[in-house]
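# Breakdown of the fold
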Amino acid sequence: MTKQVFVGHIPMGSGAPVTVQSMTNTDSRDAEATLAQIRALAASGCDIVRLSVYDQDCVKALRDIIPASPVPLVADIHFDHRLAIGAIEAGIAKVRINPGNIGSRENVVKVVEAARKRHIPLRIGINSGSIEKPLLEKYGVSAQAMIESARRHVEILEELDYHDIVLSFKASDVRLTVNAYKLAAEEWRYPLHLGLTEAGTKDYSLIKSSAALGELLNLGIGNTIRISISDDPVEEIKAVKKLLKCYGLVDRVPDLVGCPTCGRTDYDMLPIIRQIEEYRETVRADIRVAVMGCVVNGPGEAREADIGVAGGHNEALLFKKGEIIRKIRQEDIVSELKKEIDLMISHD
Ligand code: SF4
């Protein structure tokens, strides 16, 4: 079991639910635009939002952003201890900073004491692309090198008796990422922030992130998670929610099953499942919806779902909790399905 830290009011680690994270891509100096994105992320189910704090103007903007944010915020800081202290004083809930990279011990002590005063966790983020040269020479780009790199930063904090630590080990390589997190889970009891870095565009990132982070989640490794996608950050939240759903780690997310379609598909199914998938994104309930192509194999899945349709010729059979309810004409399938979903949710 990991140690527990708190990011604002949100517990992380030690059996607390896996939290969903993303990062803003607005200019953090622009409080209004950044807040708009934070609100959109929160509305889509994001628990914690990180933002880059790269100069004093960003720190200044935090004073407007933090009080208005619906979720706890994390400041992403590189090298400059004054930015970390400024962010902490502005009320940030967590700081991502590597203590070994901020210069003198005096600077580190200042950051740690500011964090201690407000119970702010510090995340040490190890990235395979920025491992120290001596470690690279000794271990190459490897999970071991990432662990040793983290050890240096962790020991700095532990020597100062600071233990509100979160760790991350990001690489763009799936196996490297998995191995580093597995070693970290054996080595430390600090909560782990899961993620793959430079995962790329949506399609590819979904595959890489599911392969890497899915394996870890299945082993019970990971306390908070970000899926990096080169896109609108709201896409990251949709992806994380679906991944967590696969492992039963999230509530109030509907499951949508659909057949791949084949020569037996009897109606125009693809536009229907696309529209229902869009609707699914807006629903906050644990229901399973099935959209199936034919009456040969479709009814099985449709029966197991809470609500399902199995196609007939230009029509579909509607199933609810395993029972056939009625036939629906092709043109009414989407609206009828939405209506049934709404009805089921309101009765829950
Ligand atoms: S459910 Fe029917 S239409 Fe869909 S893939 Fe299976 S056999 Fe084909």
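Presented here is an overview of the structure given in this document. In this text, all values refer to a predicted model and were calculated from it rather than measured experimentally.

## Considering the overall build of the protein chain
- A tally of helices and strands in the protein chain yields twelve helices and 15 strands.
- Judged by the C-alpha coordinates and their principal axes, the protein chain covers about 75 × 45 × 30 Å.
- Here the protein chain holds 348 residues, and 54% of them are scored as buried.
- Long-range pairs, those at least 24 residues apart, make up 63% of the contacts in the protein chain between residues at least 6 apart in sequence.
- Carbon and sulfur atoms make up 49% of the accessible area of the protein chain, which totals about 15,800 Å².
- In the protein chain, which carries 44 positive and 49 negative side-chain charges, the distance between the mean positions of the two groups comes to 2 Å.

## Concerning the pattern of salt bridges
- Taken as a whole and judged by the stated rule, the model has 28 salt bridges.
- Between Asp-255 and Arg-288 there is a salt bridge; the shortest N-O distance is 3.4 Å. Taken as a pair, Asp-255 in strand β11 (residues 255–258) and Arg-288 in strand β12 (residues 288–292) lie far apart in primary sequence, 33 residues in all.
- The partly exposed category is assigned to Asp-255, whose relative accessible area is 25%.
- Asp-332 is the partner of Arg-329 in a salt bridge, and the nearest nitrogen-oxygen pair spans 3.0 Å.
- Note on Asp-332: relative accessible area 23%, which makes it partly exposed.
- Put simply, Lys-320, Arg-326, Glu-336, Lys-339 and Glu-340 are held in one network by salt bridges that share partners.

## Describing the pairing of strand β8 (residues 165–170)
- The buried fraction of β8 amounts to six of the six residues, a majority that puts the element mostly inside the structure.
- Burial along β8 is two-sided: Ile-165, Leu-167 and Phe-169 facing one way and Val-166, Ser-168 and Lys-170 facing the other are all buried.
- One ladder, built from six bridges, connects strand β7 (residues 122–127) with β8; its direction is parallel. The residue of β8 that forms the bridge with Arg-123 is Val-166.

## Brief notes about the side chain of Asn-107
- Tracing the sequence through the fold places Asn-107 in helix α4 (residues 105–118).
- Here the side chain of Asn-107 touches His-81 through a polar contact of 3.3 Å, side chain to side chain.
- Aside from chain neighbours lying at most four places away, what touches Asn-107 is His-81 and Ile-102.

## Section: the site of the ligand
- Taken together, Cys-259, Pro-260, Thr-261, Cys-262, Thr-265, Met-292, Gly-293, Cys-294, Asn-297 and Gly-298 make up the full set of residues adjacent to the ligand.
- Here the residues of the shell around the ligand sort into five nonpolar, five polar and no charged.

## What to know about the nonpolar core
- In this structure, Ile-92 and Phe-169 are the most contacted members of the largest nonpolar core, which totals 81 residues.
- In terms of residues, this core owes the most to one element, helix α6 (residues 143–159), which gives seven residues.
- Every residue in contact with Phe-169, bar those within four places of it in the chain, is listed here: Ile-126, Met-146, Ile-147, Ala-150, Thr-177, Ala-180, Tyr-181, Ala-184, Trp-188, Leu-192 and Gly-195.

## What to know about the packing of aromatic side chains
- This model, assessed by the stated rule, comprises two aromatic pairs.
- Measuring from centroid to centroid gives 5.8 Å for Phe-169 and Tyr-181, while their planes differ by 85 degrees, and the two rings are edge-to-face. Of this pair, Phe-169 sits in strand β8 while Tyr-181 sits in helix α7 (residues 174–187), and the two are twelve residues apart along the sequence. This pair shows no difference in class: Phe-169 is buried, exactly as Tyr-181 is.
- Note on Phe-169: relative accessible area 0%, which makes it buried.
- Put simply, the rings of Phe-169, Tyr-181 and Trp-188 pair up and form one aromatic cluster.

## What to know about the environment of Lys-245
- The residue Lys-245 is located in helix α9 (residues 233–246) in this model.
- Exposure remark for Lys-245: the relative accessible area of 23% places this residue in the partly exposed category.
- Along the primary structure Lys-245 and Ile-276 are separated by 31 residues, whereas in three dimensions their C-alpha atoms are 17 Å apart.
- Setting aside chain neighbours within four positions, we find Lys-245 in contact with Val-250, Val-253, Pro-254, Asp-255 and Asp-286.

## A few points about the sheet that holds β12
- If you trace the five strands from one edge of the open sheet to the other, you get β11-β12-β13-β14-β15, paired in mixed fashion. Both edges of this open sheet fall to β11 and β15 (323–329), since each of them pairs with a single strand only. Each strand of the sheet is rotated relative to its neighbour by a mean of 20 degrees, with strand direction disregarded.
- Note: strand β13 (residues 307–312) against strand β14 (residues 315–320), six bridges, orientation antiparallel. Residue pairing across strands places Gly-308 opposite Phe-319, the latter belonging to β14.
- Lying on the sheet, helix α10 (residues 270–280) is in contact with β11 and β12; it crosses β11 at an angle near 170 degrees.

Cut-off values and rules
Residues numbered from 1 in each chain as written. Predicted model: local features only at pLDDT ≥ 70, side-chain atom pairs only at ≥ 80, totals over all residues. Heavy atoms only, no water. Helix = DSSP H or I, 4+ residues; strand = E, 2+ residues; numbered from the N terminus. Buried < 20%, exposed > 50% of the residue type's maximum accessible area, 1.4 Å probe, protein only. Contact = heavy atoms within 4.5 Å. Areas by Shrake-Rupley, 256 points an atom, 1.4 Å probe, with all protein chains shown as cover. Lys, Arg positive; Asp, Glu negative; His and termini not counted. Charge placed at Lys NZ, Arg CZ, Asp CG, Glu CD. Salt bridge = Lys/Arg side-chain N within 4 Å of Asp/Glu carboxyl O. Pairing = 2+ DSSP bridges. Polar contact = N/O pair within 3.5 Å; in protein donor to acceptor, adjacent residues only side chain to side chain. Near = heavy atom within 4 Å. Nonpolar A, V, L, I, M, F, W, Y, C, P; charged D, E, K, R; others polar. Core = buried A, V, L, I, M, F, W, Y, C linked by side-chain atoms within 4.5 Å. Phe/Tyr/Trp six-rings, centres within 6.5 Å; stacked < 30°, edge-to-face > 60°. Axes fitted to C-alpha atoms, helices over the stretch in contact; angles between N-to-C directions.

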